[in-house]
Each structure stands twice: as structure tokens, then as C-alpha cells.
Amino acid sequence: MINVEFLEQLMQERGISRKALAVDTHLTESCISRILSGKRSGSLEVLEGLARAFPDVDLRSFLKIGK
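Bear in mind that the values here come from a model prediction, so they are computed numbers and not experimental data. (Residues numbered from 1 in each chain as written. Predicted model: local features only at pLDDT ≥ 70, side-chain atom pairs only at ≥ 80, totals over all residues. Heavy atoms only, no water.)

Caption draft 1: Structural context of the nonpolar core. Counting residues in each nonpolar core, the largest one holds 20 residues, and the members touching the most others are Leu-7, Leu-21, Ile-35 and Phe-54. Going through the elements one at a time, helix H1 (4-14), helix H2 (18-25), helix H3 (29-36) and helix H4 (44-53) are the ones with two or more residues in this core. Discounting chain neighbours no more than four positions away, the residues touching Ile-35 are Ile-2, Val-4, Leu-7, Leu-27, Arg-40 and Val-46. (Core = buried A, V, L, I, M, F, W, Y, C linked by side-chain atoms within 4.5 Å. Buried < 20%, exposed > 50% of the residue type's maximum accessible area, 1.4 Å probe, protein only. Helix = DSSP H or I, 4+ residues; strand = E, 2+ residues; numbered from the N terminus. Contact = heavy atoms within 4.5 Å.)

Written out as C-alpha cells, the structure reads:
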């Protein structure tokens, strides 16, 4: 599962819109919306996209581990 709170905070801090994130991750805007709403979990495709968009961030930061 993606840590949506972390992703939203990172987007806000860096001034990245959903549309810009979709372009940077090579995912669709609807996919980004589903991720941010918690309706889509962290598939390999999503994690690869986040790695492209945020190469300076440890991928483990995007994962919600535990309860």
C-alpha cells in the first residue's frame, strides 16, 4: 500500500500537481487519483513511476507498512 500522506506532503512541498505527477511517473491522471484516494495500491508499475518522479527519495518511504 502506498503511503498517501507522505506522497501528498512531498507533492505539496515540491509544488507538484496531480497532472505533473502523472507526466513524471508515466502513469495516467486517473491512476494518480486512484492512488491518492487509496483505491489503488502500490504495484511495481506505480513504484517504478515514483522512482522516476522522485529519484532522490528512498522508495521505502512510499510504502505504508504495518496496520
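Caption draft 2: Spotlight on H2. Listed in full, the buried residues belonging to H2 are Leu-21, Ala-22 and Thr-25. Here the buried residues of H2 occupy an arc of 105° about the axis, which is enough to place them on one side. Seen from the open side of H2, the exposed residues pointing more than 90 degrees away from its buried face are Lys-19 and Val-23. Its buried side turned inward, H2 meets H1, H3 and H4. Immediately beyond the C-terminal end of H2, within one or two residues, lies His-26, with a positive phi of roughly 65°. (Arc of directions from axis to C-beta.)

Caption draft 3: H1, seen in detail. Of the positions making up H1, those classed as buried are Val-4, Leu-7, Leu-10 and Met-11. Viewed along the axis of H1, the buried residues span an arc of 130°, placing them on a single side of the element. Residues Gln-12 and Glu-13 are exposed on H1 and point more than 90 degrees away from its buried face. For H1, the secondary structure elements touched by its buried residues are H2, H3 and H4. Two residues or fewer after H1 comes Gly-15, characterised by a positive phi angle close to 65°.

Caption draft 4: Examining the pattern of salt bridges more closely. Scanning the entire structure with this criterion turns up four salt bridges. Across the pair Arg-40 and Glu-45 runs a salt bridge whose closest N-O atoms are separated by 3.3 Å. The partner of Asp-58 in a salt bridge is Arg-60, with the nearest N and O atoms 2.6 Å apart. Look at Asp-58 and you get partly exposed, because its relative accessible area is 36%. (Salt bridge = Lys/Arg side-chain N within 4 Å of Asp/Glu carboxyl O.)

Caption draft 5: Region of interest: unusual backbone geometry. Of note, the phi angle at His-26 is positive, near 65°, even though the residue is not glycine. With respect to the helices and strands, the residue His-26 is situated in the loop between H2 and H3.

Caption draft 6: Looking closely at the packing of aromatic side chains. Scanning the entire structure with this criterion turns up two aromatic pairs. The interplanar angle of 75° and the centroid separation of 5.4 Å between the aromatic rings of Phe-6 and Phe-62 together place this pair among those described as edge-to-face. Pair noted here: Phe-6 is in helix H1 and Phe-62 is in the segment after H4, with a separation of 56 residues, a long-range link. (Phe/Tyr/Trp six-rings, centres within 6.5 Å; stacked < 30°, edge-to-face > 60°.)

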